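Structural overview
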Amino acid sequence: MKKLLYKVNPSIQSSILEWNNWVPLKVKAISWRALHNHLPISENLIKRSILYSPDICVCCTTAGESVDHIFASCYVENVVWQRVNVWCNLQPVNTSSVRDILLVYKQVPDFEHRRKMVQAIIMVAIWCLLRARNKLIFENKPLKMENVI
Ligand SMILES: [Zn+2]
């Protein structure tokens, strides 16, 4: 089946997401959807005429809500990525898009599965960020950094 998919759509093969069996499928799916801009966030809902309210990030309320903003440039997410950098002993990386974030693990030497671990942590962080955002929107739970990740 995979070979047939690659034959029909060769761009699938060039995906930057490598298979990581250390994270649950639901976590990988969110990373894939973020990478391909398929998440139901304000910018995408307005494009599809599903949402008519202003395109404002609910976390910082200072910018429009795009995939790159909520995962790469919002101040809330910057705190999370600083923590991930410390935990994984990574060099600070200038990440301006979710694609940049998902590529960070490729800079890590593949020593004793370290690269795979970093990729798993990044995917889980993306999932946690989206979950915290959704809890703020749908359950009115305040965004506390200690609860995000
Ligand atoms: Zn924001």
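Each chain carries its own residue numbering, running from 1 in the written order of its sequence. Per-residue local features are limited, in this predicted model, to residues with pLDDT of at least 70; the limit for side-chain atom pairs, both in listing and counting, is 80 or more; totals at the level of whole chains, interfaces and linings are taken over all residues.

1. With respect to the overall build of the protein
Check the secondary structure of the protein and you find eight helices and zero strands. The secondary structure listing takes helices from DSSP runs of H or I that are at least 4 residues long and strands from runs of E that are at least 2 residues long, numbered from the N terminus. Starting at the N terminus, the α and β elements of the protein follow one another as α-α-α-α-α-α-α-α. Put plainly, a residue is buried at 20 or more neighbouring C-beta atoms within 10 Å of its own, exposed at 12 or fewer, and partly exposed in between, counting only other residues' C-beta atoms, which are placed from the backbone. Scored against the burial criterion, the 149 residues of the protein give a buried share of 25%. Note on contacts: each residue gets a C-beta atom placed from the backbone, and two residues are in contact if those atoms are within 7 Å. For the protein, long-range pairs separated by at least 24 residues make up 53% of all intrachain contacts whose partners lie at least 6 apart in sequence.

2. A short note on unusual backbone geometry
At Asn-37, a residue that is not glycine, the phi angle is positive and equals roughly 55°. Along the chain, the position of Asn-37 falls in the loop between helix 2 (25-35) and helix 3 (42-47). Its identity is not glycine, yet Ser-49 carries a phi of approximately 60°, on the positive side. Mapped onto the fold, Ser-49 is located in the loop between helix 3 and helix 4 (67-73).

3. Describing helix 7 (residues 114-138)
Between its first and last C-alpha, helix 7 extends 36 Å over 25 residues, near the 36 Å set by a 1.5 Å rise per residue. All of the buried residues in helix 7 are Val-118, Gln-119, Ile-121, Ile-122, Met-123, Ala-125, Ile-126, Trp-127, Leu-129, Leu-130, Ala-132 and Arg-133. Just downstream of helix 7, Asn-140 is the residue with a positive phi angle, here 55°. Multiplying one less than the number of residues by 1.5 Å gives the expected span of a helix.

4. As for the packing of helix 5 (residues 75-88) against helix 7
Axis lines are fitted through C-alpha atoms, for helices just across the contact stretch, and the angle between N-to-C directions can take any value from 0 to 180 degrees. Relative orientation of the contacting elements helix 5 and helix 7 amounts to 155°, with a least axis distance of 11 Å. With respect to their mutual orientation, helix 5 and helix 7 come out roughly antiparallel. Considering how the two elements wind past one another, helix 5 and helix 7 form a crossing that is right-handed. Residue-level inspection shows Glu-77, Val-80, Val-84, Trp-87 and Cys-88 of helix 5 in contact with helix 7, the latter providing Val-118, Ile-121, Ile-122, Ala-125 and Leu-129. When the residues that make up the contact of helix 5 with helix 7 are grouped by side-chain class, the tally is nine nonpolar, no polar and one charged. Note on angle classes: values under 35 degrees are labelled roughly parallel, values over 145 roughly antiparallel, values of 65 to 115 roughly perpendicular, and the remainder oblique. It is the rotation of the near helix from the far one that decides the hand of a crossing: anticlockwise by less than a right angle makes it left-handed, clockwise makes it right-handed. Gly counts as polar in this scheme, as do all residues outside two lists: the nonpolar Ala, Val, Leu, Ile, Met, Phe, Trp, Tyr, Cys and Pro, and the charged Asp, Glu, Lys and Arg.

5. Quick word on the nonpolar core
As used here, a nonpolar core is made of buried Ala, Val, Leu, Ile, Met, Phe, Trp, Tyr and Cys residues. They are joined through C-beta atoms within 7 Å. Counting 27 residues, the largest nonpolar core has Ala-34, Ile-70, Phe-71, Val-98, Ile-122 and Ile-126 as its most contacted members. Put simply, the parts of the chain that give this core at least two residues each are helix 2, helix 4, helix 6 (98-103) and helix 7. Per-element tally for this core: the top contributor is helix 7, with ten residues. Not counting chain neighbours up to four residues away, the residues in contact with Phe-71 comprise Ala-34, Glu-77, Val-98, Ile-101, Ile-126 and Leu-129.

6. Let's talk about the packing of helix 2 against helix 7
Two elements in contact, helix 2 and helix 7, have axes whose closest approach is 9 Å; the angle formed by their N-to-C orientations is 80°. The angle between the axes of helix 2 and helix 7 places the two elements in the roughly perpendicular class. Residues Val-27, Lys-28, Ile-30, Ser-31 and Ala-34 of helix 2 form the contact with helix 7, whose participating residues are Met-123, Val-124, Ile-126, Trp-127 and Leu-130.

7. Topic: the environment of Arg-99
Mapped onto the secondary structure, Arg-99 falls in helix 6. Given 17 C-beta atoms within 10 Å, Arg-99 falls into the partly exposed group. Taking C-alpha positions, Arg-99 is 10.0 Å from Trp-32, a pair spaced 67 residues apart along the chain.

8. Comments concerning the confidence of the model for the protein
Think of pLDDT as the predictor's per-residue confidence, scored from 0 to 100. Looking at the protein as a whole, the pLDDT averages 85, with 90% of positions reaching at least 70. Confidence, expressed as mean pLDDT per element, reaches its minimum in the protein at helix 1 (residues 2-8) with 61 and its maximum at helix 2 with 94.

9. Looking at helix 2
Buried residues of helix 2: Ile-30, Ser-31, Ala-34 and Leu-35, and no others. Burial along helix 2 is one-sided: seen end-on, the buried residues are contained in an arc of 135°. For helix 2, the exposed residues lying more than 90 degrees away from the buried face are Leu-25 and Lys-26. Against helix 4, helix 6 and helix 7 lie the buried residues of helix 2. Phi turns positive, to about 55°, at Asn-37, one or two residues after helix 2. Working definition: the arc comes from the directions between the helix axis and the C-beta atoms, pointing outward to the latter.

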